[in-house]
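Each chain is listed here by its residues.
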Amino acid sequence: MNCGRLLLAACLMVGLVLQGAPEALGAQSSDRLAIVGGYLIDGQEGVPIQNSVVLVEGDRITHVGTVSDTEIPADARVIDANGLTVMPGLNEAHAHLFIIGHGFYDEYFPRYMGRWREIMEIAARQLLMAGVTSARDLGAPLEDALYIRDEINAGRMVGPRLFVSGPFLQKSLPAALGTSYDSRVQEFFRWTVDGPEDARRKARELVDAGVDLLKVIQLSQLTREERMAIGEVAREAGLHIAVHASTVEEVGQAAEMGANSIEHMGGRPYPLYPEETIRLMADNNIVASVTSMVSKVYDITTEYPERLDNPQLRADLPADMYEDVRGSLDFFSRLNYFSGAKDSNAHHPAKVRQLYENGIRLVIGTDSGTPMNFHYESTWQEMDLFVRYGIPPMKVISMATKFPALLYREFDDMGTIEPGKLADIIVVNGNPLRNMAALEQNNVIHVIKGGVQYKGPGIETSRPVSDADAGRQR
């Protein structure tokens, strides 16, 4: 039948009868799904489609059209998107699921040893409920990161499609980012290398364990031979490499070893990047993940301290964890973590514009999980910052959908809404081309990942692991 607006109610009734679900999660799935009547932003930067129809069969999109030219299958479950925006699921290109916004790392890491899977399950659910259907987890204990990724992929846990690096590769353990937490804690997510053979061995250990990419920090401390050994292992395995780099020297080192993305490009107090930095990135097709929210969250919170009392945080965390996290932020302006925020924030917008205007591809990555940088809101907040910096909203949407898929070498399956691709789709109340707050969690009405609906009216996805059953994951 042709399902125009007059017949939409009838289609909805059919859909309700035919709903199915992965029982343990409370999500809904059916062989066929139709998202009908919405304002479609397909991720390809063209003119949005009004009164759109997106048809899904299994985990794939089969058709994109309009209400007037699309026949809705009689057995399809129908989502009424009239008055709403339909778009690709978001990607968070730099997340840390084993941290959840706590202000004091030297207290947090020792206190929560043994609870990483519980915490990562909470963070994964927060991301998905915020419309993030895929994410890079760039630094976490290896076994825990792989476990969470694989549980999500198997449909036994609620969360985005994860691309995990496991631990950082680096030269030495720092005294610790302005804190004093024990080096034995750091070793769970930081692996040190000593010489090229050790670098090669540890990179291969990560690859053999099943990581999706390698992450390297402290480039200037590593020897050239160590860097090149890691790069060689990544190329042999067909994995991409994410690195920390800021100076011209480090960007050159990143390019030489074959790095694909540079993380935290927005830091340091100098007004603009040196021309050589821009040239090296452009010549080597290096993507920038500037993680604006790492420091800009300080300004955002200074302007609106009530965000720390968002009921979502209390709802998502076990009571003991909530009290601890919230208490750690009572005097956030005194946190060592933000000691350099004022200087770096002043120059940050101009440097992001510089990268964009010089053709450097940017992806939305927020370092979510760092102090005050909560998983349930970090992605849309960074998108909003980019628009405020002067980048067109449509391009910002590509930075959160299409460009990460290209970086991960997954564009055949992800990043846009078109036939043949995975059905990673969100439906939001509002138009993000006019206001990125349309992507705030409360405005994300429907979340579909791989053809399965995890969020929508009447759907209750199960709460992450509770205190009572936390022991099952150890």
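Refer to the preceding data block for the structure.
Quantities reported herein were computed from a predicted structural model and do not represent experimental measurements. (Residues numbered from 1 in each chain as written. Predicted model: local features only at pLDDT ≥ 70, side-chain atom pairs only at ≥ 80, totals over all residues. Heavy atoms only, no water.)

> Help me understand the overall build of the protein chain in this model?
Helix and strand counts for the protein chain come out as 16 helices and 17 strands. With 474 residues in all, the protein chain has 59% of them scored as buried. Within the protein chain, counting contacts between residues at least 6 apart in sequence, those at least 24 apart form 73% of the total. When the accessible area of the protein chain is evaluated, it comes to approximately 18000 Å², of which 49% is carbon and sulfur surface. (Helix = DSSP H or I, 4+ residues; strand = E, 2+ residues; numbered from the N terminus. Buried < 20%, exposed > 50% of the residue type's maximum accessible area, 1.4 Å probe, protein only. Contact = heavy atoms within 4.5 Å. Areas by Shrake-Rupley, 256 points an atom, 1.4 Å probe, with all protein chains shown as cover.)

> So what exactly am I meant to see when it comes to the pattern of salt bridges here?
Once their charged atoms are close, side chains differing in charge can pair, the charge on each being opposite to the other. Counting across every chain of the model gives 32 salt bridges. Here R32 ties to D75 by a salt bridge, and the two come within 3.4 Å at their closest N and O atoms. Residue R32 is found in strand β1 (residues 32–40), and its partner D75 is found in the loop between β3 (60–66) and β4 (77–80); the two are separated by 43 residues along the sequence. What makes R32 partly exposed here is its relative accessible area of 30%. Judged by its relative accessible area of 40%, D75 is partly exposed. (Salt bridge = Lys/Arg side-chain N within 4 Å of Asp/Glu carboxyl O.)

> Would you take a moment to explain the packing of helix α7 (residues 224–237) against helix α8 (residues 248–257) for this structure?
Relative orientation and spacing of two packed helices are given, respectively, by the angle between their axes and the distance between those axes. Direction vectors running N to C along α7 and α8 enclose 40 degrees, while the axes themselves pass 8 Å from each other. Relative to α8, the element α7 lies oblique. Contacts from R224, R227, M228, I230, G231 and R235 of α7 reach α8 at Q253, E256 and M257. (Axes fitted to C-alpha atoms, helices over the stretch in contact; angles between N-to-C directions. Parallel < 35°, antiparallel > 145°, perpendicular 65-115°, else oblique.)

> Please clarify how the nonpolar core should be interpreted in this entry.
A general feature of soluble globular proteins is that nonpolar side chains tend to end up buried together. V243, L355 and F386 are the most contacted members of the largest nonpolar core, which totals 123 residues. Leave out the neighbours within four places in its chain, and V243 touches V216, L219, A254, M257, A259, S261, I262 and E263. In terms of nonpolar packing, the next biggest core, distinct from the first, is built from 15 residues, L33, L40, I61 and I448 among them. (Core = buried A, V, L, I, M, F, W, Y, C linked by side-chain atoms within 4.5 Å.)

> Please explain the packing of helix α10 (residues 293–303) against helix α13 (residues 341–357) as it appears in this structure.
Across the interface, α10 lies against α13 with an axial gap of 9 Å and an inter-helix angle of 100 degrees. Considered as vectors, α10 and α13 are oriented roughly perpendicular to each other. Counted together, S295, K296, Y298 and D299 of α10 and A341, K342, S344 and N345 of α13 form the full contact between these two elements. Partitioning the contact of α10 with α13 into residue classes produces two nonpolar, three polar and three charged. (Nonpolar A, V, L, I, M, F, W, Y, C, P; charged D, E, K, R; others polar.)

> Would you mind showing me how to read α7 here?
Because an α-helix completes one turn every 3.6 residues, residues spaced three or four positions apart along the sequence face the same direction. For α7, spanning 14 residues, the distance from its first C-alpha to its last is 20 Å, which sits close to the expected 20 Å at 1.5 Å a residue. For α7, the full list of buried residues reads E226, R227, A229, I230, G231, V233 and A234. On the buried face of α7, the contacting elements are β9 (168–170), α6 (196–209), β11 (213–216), β12 (240–244) and α8. (Expected span 1.5 Å × (residues − 1).)

> Is there a simple way to think about helix α14 (residues 378–388) in this case?
Of all the eleven residues making up α14, nine are buried; the element is thus mostly covered by neighbouring parts of the structure. Buried within α14 we find S378, T379, W380, Q381, E382, M383, D384, L385 and F386. Considering only its buried residues, α14 is in contact with β6 (90–95), β7 (132–137), α10, α13 and α15 (393–399). Looking one or two residues beyond α14, the residue adopting positive phi is G390, at roughly 110 degrees.

> Explain the sheet that holds strand β8 (residues 161–164) to me, please; I cannot follow it from the model alone.
Sheet strands pair via backbone hydrogen bonds, and the direction of the pair is either parallel or antiparallel. Read from one edge to the other, the open sheet built from three strands follows the order β6-β7-β8, with strand pairing classed as parallel. Both edges of this open sheet fall to β6 and β8, since each of them pairs with a single strand only. Averaged over all pairs of adjacent strands, the angle between strand axes in this sheet comes to 15 degrees, irrespective of strand direction. Looking at chain direction, β6 and β7 are connected through four bridges and run parallel. For A95, the partnering residue across the bridge sits in β7 and is D137. The sheet contacts of helix α3 (residues 116–129) involve β6 and β7, and relative to β7 the element is tilted by about 135 degrees. (Pairing = 2+ DSSP bridges.)

> Please clarify how the side chain of E250 should be interpreted in this entry.
Residue position: E250 is located in helix α8. A distance of 3.0 Å separates a polar atom in the side chain of E250 from the backbone nitrogen of S246. The contact partners of E250, leaving out residues within four places of it in the chain, are L219, S220 and A245. (Polar contact = N/O pair within 3.5 Å; in protein donor to acceptor, adjacent residues only side chain to side chain.)

> Is there a simple way to think about unusual backbone geometry in this case?
Glycine aside, the phi torsion of most residues is negative, and most peptide linkages are trans. Positive phi outside glycine occurs at E45, with the angle close to 70 degrees. With respect to the helices, strands and loops of the structure, E45 is situated in the loop between β1 and β2 (49–57). Overall, E45 belongs to the partly exposed group, its relative accessible area being 29%. Even without being a glycine, R409 presents a positive backbone phi close to 65 degrees.

> Is there a simple way to explain the pairing of strand β16 (residues 444–449) in this structure?
Taken across its six residues, β16 has five buried, putting it largely inside the fold. Strand direction decides the pairing type here: strand β15 (residues 425–428) and β16, joined by four bridges, are antiparallel. Directly across from V427, in β16, lies its bridge partner H446. Pairing of β16 with strand β17 (residues 452–455) involves three bridges; the strand directions are antiparallel.

> I tried to follow the side chain of D42 on my own but got confused; where do I start?
Assignment of secondary structure puts D42 in the loop between β1 and β2. K402 provides the closest opposite charge to the buried, unpaired D42, separated from it by 8.4 Å. In terms of polar contacts, D42 uses its side chain to reach the backbone amide nitrogen of Q44, at 2.9 Å. Those residues within four positions of D42 in sequence are excluded, and the remaining contacts are P88, T416 and I417. (Lys, Arg positive; Asp, Glu negative; His and termini not counted.)

> Sorry if this is basic, but what is going on with the environment of V211 here?
As for its position among the elements, V211 is in the loop between α6 and β11. Given the relative accessible area of 6%, V211 is considered buried.

> When you look at the packing of aromatic side chains in this model, what are you seeing that I'm missing?
Where two aromatic rings form a pair, the distance of their centres and the angle of their planes describe that pair. Scanning all chains against the criterion turns up 17 aromatic pairs. A centroid spacing of 5.6 Å and a plane angle of 40 degrees characterise the contact between F98 and F109, whose relative ring orientation is tilted. Taken as a pair, F98 in the loop between β6 and α2 (105–111) and F109 in helix α2 lie far apart in primary sequence, eleven residues in all. Pair check on accessibility: F98 and F109 agree, each one buried. Aromatic pair Y337 and F338: ring centres 5.3 Å apart, planes at 85 degrees, arrangement edge-to-face. (Phe/Tyr/Trp six-rings, centres within 6.5 Å; stacked < 30°, edge-to-face > 60°.)

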